[in-house]
Each structure stands twice: as C-alpha cells, then as structure tokens.
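Results of the structural survey
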Amino acid sequence: ATNRDLEEMVKEGEFRQDLFYRLNVIDVAVPPLRERKDDIPLLVRHFVEKHAQKLGREAMTVTPDAEAALRRFEWPGNVRELMNVIERAVALCTGDRIDCADLPSQVCDHVAAPGKDVTQLPPGGLDLETLIAEIETGLIEQALQNGRHSRKRAAQLLGLTTRSLRYRLQKYGLDSDEAPGDNPGL
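Let me sum up the structure you'll find in this document. (Residues numbered from 1 in each chain as written. Predicted model: local features only at pLDDT ≥ 70, side-chain atom pairs only at ≥ 80, totals over all residues. Heavy atoms only, no water.)

Observations concerning the overall build of the protein
Looking only at helices and strands, the protein has nine helices and two strands in total. By residue count, 33% of the 186 residues in the protein fall in the buried class. (Helix = DSSP H or I, 4+ residues; strand = E, 2+ residues; numbered from the N terminus. Buried < 20%, exposed > 50% of the residue type's maximum accessible area, 1.4 Å probe, protein only.)

Topic: the packing of aromatic side chains
A full pass over the atoms with the stated rule returns two aromatic pairs. Between Phe-20 and Tyr-21 the ring centres are 5.2 Å apart and the planes differ by 70°, which places this aromatic pair in the edge-to-face class. Relative accessible area serves as the criterion here: at 7%, Phe-20 is assigned to the buried category. With relative accessibility at 54%, the residue Tyr-21 sits in the exposed group. (Phe/Tyr/Trp six-rings, centres within 6.5 Å; stacked < 30°, edge-to-face > 60°.)

A word on the packing of helix 8 (residues 151-158) against helix 9 (residues 162-171)
At a closest axis distance of 9 Å, the pairing of helix 8 and helix 9 adopts a crossing angle of 100°. One element, helix 8, and the other, helix 9, form an angle in the roughly perpendicular class. From helix 8, Arg-151, Lys-152, Ala-154, Ala-155 and Leu-158 reach across to helix 9, where they touch Thr-162, Leu-165 and Leu-169. Broken down by class, the residue content of the contact of helix 8 with helix 9 amounts to five nonpolar, one polar and two charged. (Axes fitted to C-alpha atoms, helices over the stretch in contact; angles between N-to-C directions. Parallel < 35°, antiparallel > 145°, perpendicular 65-115°, else oblique. Contact = heavy atoms within 4.5 Å. Nonpolar A, V, L, I, M, F, W, Y, C, P; charged D, E, K, R; others polar.)

What about a negative patch on the surface?
A contiguous patch of negative charge on the surface is contributed by Asp-5, Glu-7, Glu-8, Glu-12, Glu-14 and Asp-27. Within the fold, Asp-5 resides in the segment before helix 1 (6-11). (Patch = residues over 30% accessible without salt bridge, like charges linked within 9 Å, V, L, I, M, F, W, Y side chains within 5 Å. Areas by Shrake-Rupley, 256 points an atom, 1.4 Å probe, with all protein chains shown as cover. Salt bridge = Lys/Arg side-chain N within 4 Å of Asp/Glu carboxyl O. Lys, Arg positive; Asp, Glu negative; His and termini not counted. Charge placed at Lys NZ, Arg CZ, Asp CG, Glu CD.)

Observations concerning unusual backbone geometry
With the exception of glycine, the majority of residues adopt a negative phi angle, and the majority of peptide bonds are in the trans configuration. Residue Trp-75 is not a glycine yet carries a positive backbone phi of 55°. Looking at the secondary structure, you find Trp-75 in the loop between helix 4 (64-72) and helix 5 (78-92). Positioned with a positive phi, His-149 is a non-glycine residue whose angle comes to about 65°. Mapped onto the secondary structure, His-149 falls in the loop between helix 7 (128-146) and helix 8.

Structural measurements only, silent on function.
So this is what it looks like as structure tokens:
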C-alpha cells in the first residue's frame, strides 16, 4: 500500500514499469480519514472494544466531548494514528469512560470550544453536527450546574421542556447519573 501516485512515478521514470504492472492488479483508492469523518465513531468503538479486551479492561465508552474531538481532528496519520490514540486512551483511562483528558492534547485542542465565534466557515470546512453537539452539550452542562442539577430548572434556563431536555441528555450520553431530587419521570 502506498499514498504515492505510482502511475505518475512510472511516467517520470521514478518507478519500474514492469513492477508497477505486476503490483497493479486491483487499484483500491481509499480517501484519507479526514475526508471520511463519518467513519470515525464506528472506528473508535471498534478500537476501544479491541484494546479494552486486549488489556483485560471492562467495556468502555467514549464521552460525547471526546468523540467530538476525535471527529474534528485532521488525522494526518490516518486510521493508524486514530488506532494508536485510542489504544493510548484505553490504557491510560482510569474509569470506564474515555474523555478528552484521556486523549493527547493536540486532539482535544483541535476542538472549538462552545461559545467560540463560528460565524465564519473555516477554509478546511467543519463538521456542523459535531459543532452543534459540542455547543449543545456545553450549554446543557452549564444549565445543569447553574440549576443545581435540577433537570426541571435546567430545562427552564434553556427554554426547553423537561421532555426535550431528557431527550438531549440521552442523545449525548449525559443522563447516566440521576440528579439528586429529580423525578426520573420528568
């Protein structure tokens, strides 16, 4: 496998033509990971499961913030780099949820913080779904904190119904711990 254009190298005399035709039985062009952002969550889950099992760890999950960071990173080392980052995170994580603190700083620093001015589209584009998820989870967490972990109060602060807040908590994996004094039926 190579990321070089062997056909062009043959034309320039930098690669043997006979060897090129011997190797070029089936040409499979795979775009770099940065162009396949939708593949990242599936790859992350696969690598987390694989490395947790290899290290004898219990089942692990990835927080929405960490997944957002992984999706936003450009991955110059492609899938191999992603695999290494996940192996490191599984090995160093002290709990059962991988968070940004378990990822290398260059991965998490690549994520725009909620509230950051995003009115201009970056030259390389962005992942709108991930950005919206980051902003939404950040605001939900602030509302829960400001509302003393009352879901009813947090929903009011966000201008949502408690049902709508509950949906978002489940969507972003923020509902694992019931808040003290909250009615789970809300």
